[in-house]
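What the coordinates show
Spelled out, the chains give:
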Amino acid sequence: MFQTVWVSSPRSWGLRQPDCHCAGKQTSWKCGFVRTINQHPCPRHDPKGPGKARMLKKIQICLCFFFVSGILYEISLLSGCFFSYMPMPKHFLTPEQVLSLGKSIIFLETTERLEPPPLVSCSVESAARTYQDRPIVLFMKGLTNDTALDLNSSYAAFSLLSSMKNVFIFPLQMETVFQETPLLQWYNQVVPELEKNWVHVSSDASRLALIWKYGGIYMDTDVISIRPIPEESFLAAQKSQFSSNGIFGFPAHHKFIWDCMENFVLKYNGNIWGNQGPFLMTRMLKTICNLTDFNGTEDHSCQNISFLNPQRFYPIPYPAWGRYYEVWDKSPNFSHSYALHLWNFMNHNRKAVIAGSNTLAEELYKAYCPTTYEDLIQNAELENFTFYEDTDMV
């Protein structure tokens, strides 16, 4: 079982009271596109036995309450009602309860840091805005069962993300994640301290196990969502005949992901960057598909897996990653893209979004993660400016 550590929010939702009409009239609960209508006669007073009738009425009311609560809970699990009729505050939910919906957008932080930087915050916020009816789950290795963080924490990004109704933050407990997968034996044998690329390798493994167990979409924490991905089973082409593993989606227990986990262990070489990531996805895809070059913006499909055009996520290829931090005469509209990968791995000089710089990245922050932009970019720079002014006057 996962251990849950939740960044609590005073905006946690309570159970809404349904509209109930008695006298034998129908009772309905409306939530998005789901509408459940039940006809149930309300208890009536029995004039022949006032004491018994009163007791019976109380029992019927209690049963009716539990019946209604159960119906609302089932509806919440089967639709976008999950966020409208939350049967309990979200900080009481476990990862299994959230992920078992099979619709989650999953992010991973496999370093020990507890303060998500602005790009991570932007990635999570943009996903929360783009997929408002789906849980957005951020797993962080730095969180432990003893970690206590809330909205008053000094970590500004936690306050920001925890206020979003569909964002959940949990500890990343790898041994638990790898249970009942081919990766568990590998994990028990590997020595992280001796691994050259452990942060990346452990992330590659964790994303496979989570998608295998629960389904959904995995995204790297430097991906800005701009519109919903319409596919359920897909890989993202980084270029023709080469797949990334920075964005992919599958239903739970998909054979392709299981095969990837087996190959991860069989062909493991942690010294080669990407061998367990994009190279793994590419070699496994080639075993079942005849990959050809892309022409235009069309997608490819094979064995019921969509291989999405590089324009969907990588319209700016990695050799040109710096263009995100440049000023454009006319900003592109990315009309063929679902999300944008900002290639943070290539950002060795740690270029950042600066308020008023008018770079493409700043425009993307303003459009798709405005709260992150306001709280972590604009306000942070204003606070720094005020600090330096006060220091100068001392």
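Let us look at the environment of E232. In this structure, E232 sits in the loop between β7 (223-225) and β8 (234-239). What makes E232 exposed here is its relative accessible area of 55%. Sequence separation between E232 and I217 is 15 residues, and the spatial gap between their C-alpha atoms is 8.1 Å. Beyond its immediate stretch of four places on either side in the chain, E232 contacts G249, F250 and P251.

Here we come to the nonpolar core. Counting residues in hydrophobic clusters, the biggest one holds 50 residues, and the most contacted among them are I136, M219, I229, F313, Y324 and Y365. When residues of this core are assigned to their parent elements, the largest contribution, five residues, is made by helix α3 (residues 118-130). Non-local contacts of Y365, meaning those with residues more than four positions away in its chain, are made with P118, L119, C122, I224, V353, P370, T372, Y373 and I377. Formed by 46 residues, the second largest nonpolar core is a distinct cluster that contains L172, V177, C260 and M261.

Scored by pLDDT, the protein chain comes out at a mean of 82, with 71% of its residues at no less than 70. Confidence drops under pLDDT 50 across residues 3-46; counting only partners more than four residues distant or on other chains, this segment forms 106 contacts. When the criterion is pLDDT under 50, residues 71-79 qualifies, and its contacts beyond four places in sequence or with other chains add up to 20 contacts.

Relative to each other, helix α7 (residues 198-214) and helix α8 (residues 255-266) sit at 150°, their axes nearing to 9 Å. For the element pair α7 / α8, the angle class is roughly antiparallel. Once α7 is placed against α8, the crossing between them reads as left-handed. On α8, the residues touching V201, D204, A205, L208, A209, I211 and W212 of α7 are I257, W258, C260, M261 and F264.

As a further point, take the side chain of R207. Along the chain, R207 falls in helix α7. Judged by relative accessible area, R207 falls into the buried class, the value being 6%. Not counting residues within four places of it along the chain, the set of residues in contact with R207 comprises L108, Y218, D220, N245, G246 and F248.

Parameters at a glance
Residues numbered from 1 in each chain as written. Predicted model: local features only at pLDDT ≥ 70, side-chain atom pairs only at ≥ 80, totals over all residues. Heavy atoms only, no water. Helix = DSSP H or I, 4+ residues; strand = E, 2+ residues; numbered from the N terminus. Buried < 20%, exposed > 50% of the residue type's maximum accessible area, 1.4 Å probe, protein only. Contact = heavy atoms within 4.5 Å. Core = buried A, V, L, I, M, F, W, Y, C linked by side-chain atoms within 4.5 Å. pLDDT = per-residue confidence, 0-100. Axes fitted to C-alpha atoms, helices over the stretch in contact; angles between N-to-C directions. Parallel < 35°, antiparallel > 145°, perpendicular 65-115°, else oblique. Left-handed = near helix turned anticlockwise from the far one by under 90°.

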